[in-house]
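Topology and contacts: notes
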Amino acid sequence: MKPSEGRGAAAAYWIVTVWAWCALNGLAALGLLALFFILFANASFEGFFREGCNLAEHYLAASPAARASFQHIIAWLFAGAFVPLAAMRARALAADLRASAATRPSNPTVTAT
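Examining the overall build of the chain
When you go through the chain residue by residue, the secondary structure sums to three helices and zero strands. In the chain, the succession of helices and strands from N to C terminus is α-α-α. Here the chain holds 113 residues, and the buried ones make up 12% of them. Restricting to contacts in the chain with at least 6 residues of sequence separation, those with at least 24 account for 73%. Summed over all atoms, the accessible surface of the chain reaches about 8,700 Å², with 72% contributed by carbon and sulfur.

Description of unusual backbone geometry
Even without a glycine there, the phi angle at Asn 42 is positive, about 60 degrees. With respect to the helices and strands, the residue Asn 42 is situated in the loop between α1 (3–40) and α2 (45–61). One non-glycine residue, Ala 43, lies in positive phi territory at about 55 degrees. Among the structural elements, Ala 43 can be located in the loop between α1 and α2.

Side note on the environment of Asn 25
As for its position among the elements, Asn 25 is in helix α1. Considered as a pair, Asn 25 and Arg 89 are 64 residues apart in the sequence and their alpha carbons are 8.3 Å apart. Setting aside residues up to four positions removed in sequence, Asn 25 forms contacts with Phe 82, Leu 85, Ala 86 and Arg 89. Of note is the side chain of Asn 25, whose polar atom sits 2.8 Å from the side chain of Arg 89.

Topic: the packing of aromatic side chains
Here the structure, examined in full by the defined rule, presents four aromatic pairs. Centroid distance Phe 48 to Phe 49: 5.1 Å. Interplanar angle 75 degrees. Geometry classified as edge-to-face. Residue classification places Phe 48 among the partly exposed positions, given a relative accessible area of 25%. The side chain of Arg 67 reaches across the aromatic face of Tyr 59, ending 5.1 Å from its centre.

Considerations on a nonpolar patch on the surface
A surface patch of nonpolar side chains, amounting to about 400 Å² of accessible area, comprises Leu 55, Phe 70, Ile 73, Ile 74 and Leu 77. Relative to the helices and strands, Ile 73 is located in helix α3 (residues 64–102).

What counts and how
Residues numbered from 1 in each chain as written. Predicted model: local features only at pLDDT ≥ 70, side-chain atom pairs only at ≥ 80, totals over all residues. Heavy atoms only, no water. Helix = DSSP H or I, 4+ residues; strand = E, 2+ residues; numbered from the N terminus. Buried < 20%, exposed > 50% of the residue type's maximum accessible area, 1.4 Å probe, protein only. Contact = heavy atoms within 4.5 Å. Areas by Shrake-Rupley, 256 points an atom, 1.4 Å probe, with all protein chains shown as cover. Polar contact = N/O pair within 3.5 Å; in protein donor to acceptor, adjacent residues only side chain to side chain. Phe/Tyr/Trp six-rings, centres within 6.5 Å; stacked < 30°, edge-to-face > 60°. Lys NZ or Arg CZ within 6 Å of the ring centre and 35° of its normal. Patch = residues over 30% accessible without salt bridge, like charges linked within 9 Å, V, L, I, M, F, W, Y side chains within 5 Å. Salt bridge = Lys/Arg side-chain N within 4 Å of Asp/Glu carboxyl O.

Here is the structure:
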């Protein structure tokens, strides 16, 4: 195996690992926001859908400036959930990337001598 092939495989592994780590943190942050919304609706399905409908009606009736303000608030709430989650899980990402750097990618076409 050429050295450049090993670097390419390692780079691809790192890209996929970091992307998956970010995606999982993003999904967890969205889950936290959904959980808070459910709790604000008194933790009932009826309340959740009633509040969701109310929010959607107000959002659609709002002016573009009010919509932009709401989107800005939601973005900050998402970032406020994402950053602490990412900080708590950063050691796991570092350990995974460190472990992948220590192991050499396998190549089944090369036989051991």
